[in-house]
Each structure stands twice: as structure tokens, then as C-alpha cells.
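# Per-entry structural report
Below are the chains, spelled out letter by letter.
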Amino acid sequence: MSNVTYASINDHILHSLKPPGKSWFASMAVILTMLGMGIFAFGYQIRHGLEGSGINNPIGWGVYITNFVFWVGIAHAGTLISAVLFLVRAPFRTSIYRAAEAMTVFAVMTAGLFPLIHIGRVWNFYFLIPYPNQRLLWVNFKSPLLWDVFAVNTYMSVSILFFLVGLVPDFAVIRDESKGLKRIFYGIVSLGFRGTNHEWVHYMRAYLLFAAIATPLVFSVHSIVSWDFAMSSIPGWHTTIFPPYFVAGAIFSGCAMVLTLMIPLRAIFPGFKDLMPMKDLEAMAKMILFTGFVVTYAYSIEFFIAYYSGARYERALFWFRPFGELKVFFFLMVFCNCVAPLPLWMKSIRTNIPALWVISIFINIGMWMERYNIVVTSLAHDFDPYAWGTYTFEWVEVWITIGSFGWFFMWFFIFVKIMPSMAVAELKEALVPPMRSAHHE
Amino acid sequence: MTRNEEMKAVLESTTFKLSGGLRGLFVLFVAIGLVGFIVGASGSHPHLAWQALLTNTVYFGGIAFGGLMFSVIWHITDANWGRPYKRFSEALGAFAPIAGLLYLVLFFGAHHFFQWMDHDKVIHSKAAWLNFPFFVERNVILYVVVLILAFIYVKNSLRPDIGLAKKLNNFSNGFADKFVSGYGDQDAEQKACKKKNDRIAVLLAMGWGLLSSLIAFDWIMSIDQEWFSTMFGVQYLAASLITGMACLNLISGVAWKKLGLDGYINTSRHHDTGKFIFAFCLLFTYMVFSQVLVIWYGNIPEETPYLLLRMHSHEWGWLFWVLAVMIFLVPFFGLMPRTVCNLPWASRIFAIDVLVAIWLEKYFLIAPSIQENMADAAGVGAHLAGFQYNIFDFSITLGVLGAFLLSVFWFLSKVPAVPISDPRFYKEGHH
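This section reports on the structure supplied with the text. (Residues numbered from 1 in each chain as written. Chains lettered and ligands numbered in written order. Predicted model: local features only at pLDDT ≥ 70, side-chain atom pairs only at ≥ 80, totals over all residues. Heavy atoms only, no water.)

### Thoughts on the side chain of A:S178
All names here are of chain A. Our working definition: Numbering of helices and strands runs from the N terminus; a helix is a DSSP stretch of H or I covering at least four residues, while a strand is a stretch of E covering at least two. For every residue, the accessible area obtained with a 1.4 Å probe (protein chains only) is divided by the maximum for its type, and the residue is called buried under 20%, exposed over 50%, and partly exposed between those limits. Pairing of N or O atoms within 3.5 Å defines a polar contact, subject to two protein rules: one partner must be a possible hydrogen donor and the other a possible acceptor, and residues neighboring in sequence count only if both atoms are side-chain atoms.
Within the secondary structure layout, S178 lies in the loop between α6 (144-177) and α7 (180-189). For S178, a relative accessible area of 8% puts it in the buried group. Within the local environment of S178, its side chain forms a polar contact with the backbone oxygen of I174, the two atoms lying 2.7 Å apart.

### Describing helix α3 (residues 46-77) of chain B
Our working rule: One fewer than the residue count of a helix, multiplied by 1.5 Å, yields its expected span.
Over its 32 residues, α3(B) extends 46 Å from the first C-alpha to the last, a length consistent with the 46 Å expected when each residue adds 1.5 Å. Of all 32 residues making up α3(B), 28 are buried, and the element is well covered by its neighbours.

### Some details on empty space enclosed by the protein
Over the atoms, a rolled probe matching the size of one water molecule traces out where space is still vacant. Residue and element names in this part refer to chain A. Going by this rule: Residues are called lining when one of their atoms sits within 4 Å of a cavity or pocket point, these points coming from a 1 Å grid over the protein atoms alone, where a cavity is a set in which a 1.4 Å probe fits but cannot get out and a pocket is an open set with protein on both sides within 12 Å along at least five of seven lines. Grid points are joined across faces, edges and corners, and a volume is the space filled by probe spheres set on the points. Put simply, Ala, Val, Leu, Ile, Met, Phe, Trp, Tyr, Cys and Pro go in the nonpolar bin, Asp, Glu, Lys and Arg in the charged bin, and everything else, Gly too, in the polar bin.
Tallying each qualifying case throughout the model produces six cavities of 30 Å³ or more. Its volume calculated, the largest cavity comes out at about 80 Å³. Lining the largest cavity we find 14 residues, and of these Y97, W200, Y203, A425 and E426 sit closest to its centre. Of all the secondary structure elements, the ones that give two or more residues to the lining of the largest cavity are α5 (97-118), α6, α8 (197-230) and α17 (424-429). Sort the elements by how many residues they give to the lining of the largest cavity and α8 lands first, with four residues. In terms of residue class, the lining of the largest cavity is made up of nine nonpolar, one polar and four charged.

### Considerations on the interface of chain A and chain B
Inclusion rule: Contacts: residue pairs with any heavy atoms within 4.5 Å of one another. Joining two parts hides part of their accessible area as seen by a 1.4 Å probe, and the buried area is that hidden amount summed over both. A carboxyl oxygen of Asp or Glu within 4 Å of a side-chain nitrogen of Lys or Arg is what we treat as a salt bridge.
On the side of chain B, 41 residues touch chain A, which itself brings 37 residues to the contact. Across the chain A/chain B interface, buried area totals approximately 3,300 Å², and carbon plus sulfur atoms make up 66% of it. Taken together, chain A and chain B are joined by zero salt bridges. One can count 13 residue pairs in polar contact (both at pLDDT 80 or more) joining chain A with chain B. Secondary-structure elements contributing two or more residues to the side of chain A that touches chain B are α6, α8, α9 (242-268) and α11 (278-309) of chain A. Of the residues assigned to the side of chain A that touches chain B, the class counts are 20 nonpolar, 11 polar and six charged.

### Let's talk about the pattern of salt bridges
All names here are of chain A. Across all of its chains, the model carries 16 salt bridges over all chains by this definition. Across the pair R98 and D170 runs a salt bridge, and its minimum N-O distance is 2.7 Å. Pair noted here: R98 is in helix α5 and D170 is in helix α6, with a separation of 72 residues, a long-range link. Classification of D170 as buried rests on a relative accessible area of 1%. The residue D280 makes a salt bridge to K279 at a minimum N-O spacing of 3.8 Å. The class of D280 is buried, set by a relative accessible area of 5%. On the accessibility criterion, K279 (59% relative accessible area) is exposed. Linked by salt bridges that have partners in common, E282, K347 and R350 make up one network.

This is the structure in C-alpha cells:
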């Protein structure tokens, strides 16, 4: 980072906050169209009910729950990168974590919509929340679905707060560099941060504690999401490895999404290439390799134990996944999650931007397929052949899914224009390294 | 002081020989263990001796690989903080070949703990996996493969250190010299060995993951042939990491002052070992909790008996809660204060606590299932013996512990006890 100075960091990042150009508006038009499709489809669903979707009996969970798990999964990488890697002092997080955290916040916001979309009578959404009422009706505290309400809400609150706490000194930088209304706005959101020693001491302490509090959430949220499935006794769902397997899968997909977003960001804004060196992206690629291996291990162990258990329903289900009528989704999942990341073993691929980006897209697809595979196949083939069924998704579900991507990218595009997408203060910290200078390379 | 002079001084202060007294004591341990095992295995309750040997083999074998894995992890992640402990972690791995021999011995007593060895009792749908020839084959093959990878890894890690030690201090002994045949230029050797290990380390980590799962499924889970849990392999893996780090914490506390490593090991690095025990204990608790909750909630007959015996039975139920306290509550609250992690004597208490707890955990996974198999063989109305810590448990544990300590200290006395050629091995605040 020899050509990087305090001033150049400010310049590059402030440059990214300049009023958007034509390409930004063009992209936003596409994004809003996608969102519009989603809103239209959702409106149709409110008018006509869930019959517009492919959900049926026995397959009561379809694309919506798949999307929910998918987006919660995406939301994992942000807190992992910002909190866990902060605690273990991994230097490669610095350039990536801000955008990853933003991604987390928007992904949870997207995920949170799907239970509401899925419940059908969306105006009754507040039934999910336990509150004292005259009817003495309570939610079912024994249900993992309710635990999920708490888990996702907690995660969303903490990740938003953590995100904003990290932004405080950076907002102060923008405030100092701007005038007029903008200065007042950033002055308010920077909470009057002036960068005195006293403020930094407290700030760093708060940040560390926040990181420590956020870390267990990385594990708890997706563990609880996995229990939505594992607590039942349905073959293919009821298995003990689900929590760590889901957590690893979430990090896997989250890191892939970070690459999917960061690579274009790095290409679009001048100067970001210096701030986000190749080795940071390579480190993300290594995280993907590692979590990809964990996920592959979990798939294998599931098959092995289904065989080893001798339980005929387990065996039948794990025969159905690769050889039944939904096998396409299974093999897409295996290809995208287990095979597609393998080229990353080679350094030449890990440091090749287009290859990295393509692989990250494959993983995003693969992780969606994984959730689809889990949700749908187990419901399609449970104990009694009389109750077997099949599922094809309808246009409403497809449009709402497209809409969710529109929703997510809309927020992300707004984010890159109003907030610094790299952590200004921490990038500067790395220039005069307090500990990392201990060895010179 | 140049780097070489500094490393020469470090080498001199860390060169270390196991004193005759200690060596005698450990040999005595091994002798007690041998006598205990022979008496037990040929006595009227041979299963007690075999059970003790199995418990200790999976326990100390877990420490050996779990310990070695930290060196591998630091290598893969380019971590700086663990470098003073790198050789110690490899020294823990010195027990791995002996654990392999113990597994070979255990093959001969397998009928004492595996109900499925009996053709009439094996569950038919599982007979293809649970059959003895295949059991031996897969265990031997995977163990040997991982052992070879571990050997290559350790060899590449040792080579530049021994080479440099030879140059600086004329370091030489029969064992060390084997690693430096045809030794060339120091820088070139360092680079070459690191490059080789970049690949080997990853393969070894993956191989170890598979081996841990196989050991957990085959040697522990299949004692109760009806029960299964997909998490079981990772649980064993996490337990190995806890015990490996606990050993490193104990070594760190001693080596810091005794081997004159002050500055290389410092408060912050010692603190890290404590933090990792804390983190792995939480990880382990998370894994056990996830298993218990899923099985309890699902409440299906294939899965619950295993937990009922271990959580609700009069004979064993209490131990579950003892373990919950020892592996979760005690390290969780004990290691949370920074002061405790910083002080060798204080963190040592918790390292010992988790080491004892994980031993009990192995016993807790193995013994009740063996007792159940025995009761099953004895017929209706037979009772379980419950927790009966006996003379065989004591003597055989002592024996394997003796062999473990001998192998670790022997290894450390034959090679440079710190990675002197490693550029990431440096004195804090001294660049």
C-alpha cells in the first residue's frame, strides 16, 4: 500500500460519494423494475391468496422459505467479517468489512420479508410477536419458527447497530469534507465525533465489546434457522449436524455474495483497487474454499449417516434426492457448491478477477439450490407414499424472488452513494500498523 | 544483535533434556499401565481393561492430532501469534504413531466392546459397514495416510530449523540429522520447505477432519450400534482441539520462563491460548447442545435411548451435568476475565479442568454403551454398573499418559524446541 496515504484514502472514498452518474441511474432503473415486478406479484398474491404460488399440500414450504433461508445465509458474512475477523485480528477484513456489513443489513431486511410474504394473510403479521392481549392468545414458544422471529430480529438489530457504530468516525470525515445541508446531515449521523483521543479510547472499547456481542449471533441465527427443519422428525430434516452445517453454508454463500458485490465495486470506483488489494480478495476466496469444504463434508456425512442409520425412510429420502424427479436441483447444488469452487485451489484462479466473480455467482446459485433441495425434497417424500407430492413454482414466486433481488440491490446502490463503502478510519490505521508491522515482507 | 546471534541464544536456552528422574517416573507409569492392562485383560473382567485402553487411546490420540493441527492451522493462516508454540504443537503430535499402535492393539479386543462383532447380534441393515475386516481396512488405511501426511508436514517444518541450528550451534543428534541430509542454502531450504508445506498442510487438515470423523463414528459411536448422530464426528474433532490447546497452554506457562522464551512468549500470546480454550469450549458446548436439543425435540425412538441413558439414568445421568459444568460453566466464567488468561498459574487451572473433563467425556461416551452391551448379553433384568472408576482405569490411564509424555519430551529433546528459522517467530516489540 505504498501509494496510499491518509489523503488519498479520503479522496478515493469521497469520490465514490459524488452525485451518481448515468450508469447508476440506468442500473437503478433496472433494479426498480425488478422491485416493481415483485411488488406487483405480491399484490396479486394478496388479492388472490397463495393459490397463485405453487405451494400445495404436502409441500407447504416452497420458494418463499428457500428465499428466506438464502437471504439469512447471505446476511452471515457481514458479521463474520466485521466481528469475528476483528476479534481474531485478521488484517484482510479492513477493506471489505464495511460493504459486507451493509450487505448483511440489507440481506436481513430482505430475508425478513419472506415469512411475511409466506404467511398469506400478511395483515396478521403481528401474530408472530408475543404480546399480552385480552384474548389470552399466545404464540407457541415451543416452536422453532418463533425462535426464528427472535433470532432474526436480534440479529437485525445488532447488525444495524454494529454497522452504524462502525460508520461514526467515517461520517465525521465526510462531514469535515462537505458543506451546507450535507454537512449538517453527516454532522448529525456522526454524533458529533471529533476524533479526540478521549473519543477514540471509548469508541474502540465500544467497538470491541460490540464485536464480542455480535460474534455469538453469527452462530445462533443460522443454527436456529436450521432448527426450523431439524426439530421436526421428517427424513432429511431431522439431523444433528444441521446447525454447524447451516452456519458454514451461510458463511460460504455470504462470502460469495461479498465477492459478487465487491468485484464490480472495485472496478467501478477509481482508487478502490489500491485500497482493496488482490490479497484481500484472495483471502475471501480461501474462506470460500474452507467453508465449501465444510459444506461438502456435511453433505457427505448426511448421506453416510442416512445409509448407516439403517432407517428406511432416511435411506429412501437420500435416494430420492439424487435420483428422484427433483434431481436437477440436487446436481446443480453439488456442482455449484462442491465442484465449482475447486479451481480456487489454484492461485492463478484465486487472483483472477473474472474467474473469481464467475465462481462467486455459481456459489450463489448453488446455495439457493441447496435450500430449495432441503425444503422441497423432504416435504415431497415423507413417510407415507400416499402423501407424496411434487412442486413446481409459479410466476408469482419467480417474480417475488426477482423482486427481492431488486429490493436488496436498491438498498445497496443507495448505500454506495451515501455511505463510505470502505472503512476510512481503519484503512488509515493500517498505514502505520501498530502490531502487524512486527514482520516485514 | 543480529537475527542469527539472537537465534543462537534462543537455541541455547531452549535446548532441553528430560531429566533422568522424570524419565524414570514416566517409564514407571508405562510399566504400571502395562501391568494393569495385562492383569486386566487376562482377568475375569477383561472388558474393563479394554474399555480403559480404548478411552485413553481416543483421548490421547485426539490430543496428539488436535495439538499438531494448531501448527498446521498457523501455517495455513499465516498467523504470527502461535509461532513460539509451533514446535510444541508438533511435539504433541509425536504421540500419533503410538496412538496408531494402540489402535492396532485394540483390534484384538474389539469383541469386548463392539456388539456388532457377533454375527447374531449385528443389525442386518448395517452389516455392510459394521463388519470387522472392512473396519480394520478403512481404519488402518486412513490412519496411515494421515500419519504419512503428518510426518511429511513435520519433516518440512523441522528441516530448516535443524539446518539453521546445525549452522549456528552445531546442533546434532541421530534423529535430527536424518532430516537434513543434502541440506543446501538456508534461504532456499526455508522457501522450499514452506512451499511444500503450503500444500501438505491443507491436505493434512482435511485428512485429519476425515480421520476424526471415522474414529468418532467407528470407535465410539458404533459401540452402541443402534444410535447415530451426524454431528458426532465434529464433536470429537472439537474436543481434540480443546485438549490440544489446553496442553499448549500448560506448556506455554512452563516454557515462558523455564526455557528463557520471555519476549517470544509474552502475556498477550499466553492470553491467546486461554482465549482459544474459551472459544473451543464454547464451540464444543454449542455442538453438544445442538445434538441434545435436536434429539430431545425430535423424540424418535432410534435416537433418544442414547440420551436417556446419559441424562436421565440413575447410573450415568449425573455425569452429564458434571461435564456441563466442567466444559462449559467453569471455563466460560473462569476464562472470561483477562487477568486469568494472562497469568500462567490461573489459566493452568482451567486448562487442567478441561483436560480432565474431556477425558471424562470420552469415558462417558464409551463406558455406558459397553455396559449396556454387557447387560444385553447377560439377559433380562441385568443392571448397569454405572460409573465405577477402577484400578484398570487408573493404571492404564497412567500408562498411556506416561507414553504420551515420554514421546512429547523425547521429540522436544531431539529437535530445536522453537522454530528458529521461521521469520514469523520474533520477539514482540523487537523488529
